[in-house]
2 protein chains.
Amino acid sequence: MRISTRSYYGLRALVHLAKERRICPTSKIAKEENLPYDYLQKIFQRLKKAGLIKSVKGVEGGYLLSRPAKRISAGQIFEILEGRMASAPCLGFGQLSCSRARGCSSRDLWQKLETTINQALGSITLADLAANKKV
Amino acid sequence: MRISTRSYYGLRALVHLAKERRICPTSKIAKEENLPYDYLQKIFQRLKKAGLIKSVKGVEGGYLLSRPAKRISAGQIFEILEGRMASAPCLGFGQLSCSRARGCSSRDLWQKLETTINQALGSITLADLAANKKV
DNA sequence: CATAAATAGGACTATATTAATCCGATTTAC
DNA sequence: GTAAATCGGATTAATATAGTCCTATTTATG
Ligand code: SF4
Ligand code: SF4
């Protein structure tokens with residue numbers, strides 16, 4: 001179970017954006033966080049599509065959070081960037097039901113893992129991270 | 001963050017093995033759990049290499065747990081099959097240190113995620129799963 | 001109005017990992 | 001001797017990641 005650089009980069013960039021507290025272009029973030037510019041663009045497009053950030057085109061444009069950092073959880077960020085959370089085939093998306101689900105001894109474990117991760121990440125906000133608050 | 005079928009298959013197979021409580025060939029498990037035989041072989045070889053199971057060659061041979069199911073945690077299984085746990089580049093393996101580690105606002109999050117997962121999976125034993133104990 | 005800075009998005013590539021499959025060798029109970 | 005099993009190496013196909021590149025569009029500012 002590995003976490004992609006997309007998540008690492010994305011989180012760092014969002015924390016940066018939260019610290020800025022105003023509109024900020026990807027070029028600035030890429031430079032200051034030492035991240036590949038083109039790739040970061042893609043990440044921000046993805047975050048925008050998911051509604052987490054807003055964009056302004058043109059000179060002096062850039063991105064900004066679409067709601068206060070206090071109302072953005074790490075779990076939301078993670079879900080957007082990482083795609084699917086930990087979850088067994090039988091859980092989560094699109095009712096991929098498994099014929100073995102009844103009485104399956106493994107299912108509970110994957111369920112618990114998913115719940116645990118969601119709780120852990122759901123309780124941390126972007127504001128917490130930006131403030132370097134101990135989580 | 002996706003979990004591989006290797007983990008799903010492996011856990012199911014190990015629970016099966018724990019329920020059997022005696023030597024059991026992969027052919028039987030593959031058949032009864034409806035898993036691809038050749039792939040399951042590889043999974044068992046990996047588990048053996050890691051010392052989690054023992055093998056007996058030849059007719060009437062197969063695999064068995066190398067210690068009581070009560071002393072095997074889901075975390076141990078997961079670590080063997082999934083390879084690396086959730087962890088930031090700056091954490092975990094081989095001191096891949098990051099020049100940004102000092103004062104990094106993201107680091108705590110990844111650390112917490114890793115700790116949380118380890119705690120959750122470390123507290124569940126294969127015996128629990130085999131007994132269908134609610135986790 | 002021209003320009004430069006920015007987002008938007010499609011296409012492409014390279015690499016790595018997963019999820020197998022296949023083959024041949026070895027061991028061993030019967 | 002044979003069949004059932006592990007062992008291990010090689011190979012493959014599909015998928016995801018981690019980018020890169022190019023073009024279009026928008027817009028503040030001189
Ligand atoms: S075998 Fe069990 S854990 Fe796996 S998909 Fe089916 S119900 Fe879920
Ligand atoms: S940027 Fe922060 S979280 Fe990422 S590797 Fe460096 S110290 Fe760790």
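In this text the structure is predicted, and so the values were computed from the model without any measurement.

Counted by the stated rule, this structure contains 14 salt bridges over all chains. Measuring nitrogen to oxygen at the nearest pair gives 3.4 Å for the salt bridge that ties A:Lys133 to A:Asp128. Classification of A:Asp128 as buried rests on a relative accessible area of 13%. Between B:Asp108 and A:Lys134 there is a salt bridge; the shortest N-O distance is 3.8 Å. Placement of B:Asp108 in helix 5 (residues 107-122) and of A:Lys134 in the segment after helix 6 (126-130) is noted, with the two residues assigned to different chains.

Moving on to the pairing of strand 1 (residues 53-56) of chain B. Side-chain positions along a regular strand alternate between the two faces of the sheet. All names here are of chain B. Pairing of strand 1 with strand 2 (residues 62-65), which is carried by four bridges, proceeds in the antiparallel orientation. Bridge pairing links Lys54 to Leu64 in strand 2. Hairpin geometry of strand 1 and strand 2 is characterised by an intervening segment of five residues between the two adjacent antiparallel strands and by a positive phi of about 80 degrees at Gly58.

Turning our attention to helix 1 (residues 5-20) of chain B. Residues and elements named next belong to chain B. For helix 1, built from 16 residues, the straight-helix expectation of 22 Å at 1.5 Å per residue is met to within 8% by its first-to-last C-alpha distance of 22 Å. The element helix 1 is largely enclosed, with a buried count of twelve among its 16 residues. Inspection of helix 1 places Ser7, Tyr8, Gly10, Leu11, Arg12, Ala13, Leu14, Val15, His16, Leu17, Ala18 and Glu20 among the buried residues, and these make up the whole buried set.

On to the protein's contact with DNA strand C, then. Around DNA strand C sit 30 residues, and of these A:Lys42, A:Lys48, A:Ser55, A:Tyr63 and B:Ser4 come closest. For DNA strand C, the fraction of protein-proximal atoms (within 4 Å) that sit in sugar or phosphate groups is 66%. A distance of 2.8 Å is found between a phosphate oxygen of DNA strand C and a side-chain nitrogen or oxygen belonging to A:Tyr63. Within the backbone of B:Arg6, an N or O atom sits 3.4 Å from a phosphate oxygen of DNA strand C. Of all elements in the fold, only helix 2 (26-33), helix 3 (37-49), strand 1 (53-56) and strand 2 (62-65) of chain A together with helix 1 and helix 3 (37-49) of chain B reach the threshold of two or more residues within the surface near DNA strand C.

In this section: the environment of A:Gly83. Among the secondary structure elements, A:Gly83 is positioned in the loop between helix 4 (74-82) and helix 5 (107-122). Sequence spacing of A:Gly83 and A:Ser7 is 76 residues, and the spatial spacing of their C-alpha atoms is 9.7 Å.

Once that is clear, we can look at the protein's contact with DNA strand D. Around DNA strand D, the structure places 30 residues, and the nearest of them are A:Ser4, B:Lys42, B:Lys48, B:Ser55 and B:Tyr63. Among atoms of DNA strand D positioned within 4 Å of the protein, sugar and phosphate together represent 66%. In the environment of DNA strand D, a phosphate oxygen lies 3.0 Å from a nitrogen or oxygen atom belonging to the side chain of A:Tyr9. In the environment of DNA strand D, a phosphate oxygen lies 2.7 Å from a nitrogen or oxygen atom belonging to the side chain of B:Lys48.

The rules behind each value
Residues numbered from 1 in each chain as written. Chains lettered and ligands numbered in written order. Predicted model: local features only at pLDDT ≥ 70, side-chain atom pairs only at ≥ 80, totals over all residues. Heavy atoms only, no water. Salt bridge = Lys/Arg side-chain N within 4 Å of Asp/Glu carboxyl O. Buried < 20%, exposed > 50% of the residue type's maximum accessible area, 1.4 Å probe, protein only. Helix = DSSP H or I, 4+ residues; strand = E, 2+ residues; numbered from the N terminus. Pairing = 2+ DSSP bridges. Expected span 1.5 Å × (residues − 1). Near = heavy atom within 4 Å. Polar contact = N/O pair within 3.5 Å; in protein donor to acceptor, adjacent residues only side chain to side chain.

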